[in-house]
Amino acid sequence: MKAGSIDTGEGALPLDAGEAAVDAAAGRRRLAIRLAQFGVGVALVLGWEVASNWLIDPFFISSPGAVFAKLVQWIERGMLLTHASYTFYATAVGFAIGAACGFTVGFAFGRS
């Protein structure tokens, strides 16, 4: 398919200049949104780094660099899957407990 055309399955139909301009503007808007999303992510990580180093005691919050270093260490030692399995287990148990309690309370309220 060529730029400036629409694929209909049976062949490409040419776009007029107005539709091509709208398509180009939509592409620029999508790019701007992606760049803004990336910028927000970078700003959040930088804010976390600043907060963990200068504003909050490292005992309470670790820096992104320390988290990344620990992740790399776990991968190198083959411990990542072990730690992830404990996390998934705790998540599943917590969900099961919460669902059972929610079902029980909802059933009790529905019956009254």
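The structure presented is a predicted model; accordingly, all values stated were derived computationally and were not measured.

A. Representation of the packing of aromatic side chains in the model. This model, assessed by the stated rule, comprises 2 aromatic pairs. Aromatic side chains Phe59 and Phe60 sit 5.2 Å apart centroid to centroid with 85° between the ring planes, which places their arrangement in the edge-to-face category. For the residue pair Phe59 and Phe60, the accessibility class agrees, reading exposed in each case. Consider the rings of Phe103 and Phe107, whose centres lie 6.0 Å apart with planes at 20°: the pair is stacked. Within this pair, Phe103 and its partner Phe107 are both found in helix α3 (residues 80-111), separated by 4 residues, close to a single helical turn.

B. Local environment of the environment of Ala51. By the element assignment, Ala51 lies in helix α1 (residues 17-55). The class for Ala51 is buried, based on a relative accessible area of 15%. Residues Ala51 and Ser63 lie 12 residues apart in sequence; the distance between their C-alpha atoms is 8.2 Å.

C. Region of interest: the side chain of Ser63. Within the secondary structure, Ser63 is located in the loop between α1 and α2 (64-77). Owing to a relative accessible area of 14%, Ser63 belongs among the buried residues under this scheme. With near-sequence residues (within four places) excluded, Ser63 lies in contact with Trp48, Glu49, Ser52 and Asn53.

Basis of the calculations
Residues numbered from 1 in each chain as written. Predicted model: local features only at pLDDT ≥ 70, side-chain atom pairs only at ≥ 80, totals over all residues. Heavy atoms only, no water. Phe/Tyr/Trp six-rings, centres within 6.5 Å; stacked < 30°, edge-to-face > 60°. Buried < 20%, exposed > 50% of the residue type's maximum accessible area, 1.4 Å probe, protein only. Helix = DSSP H or I, 4+ residues; strand = E, 2+ residues; numbered from the N terminus. Contact = heavy atoms within 4.5 Å.

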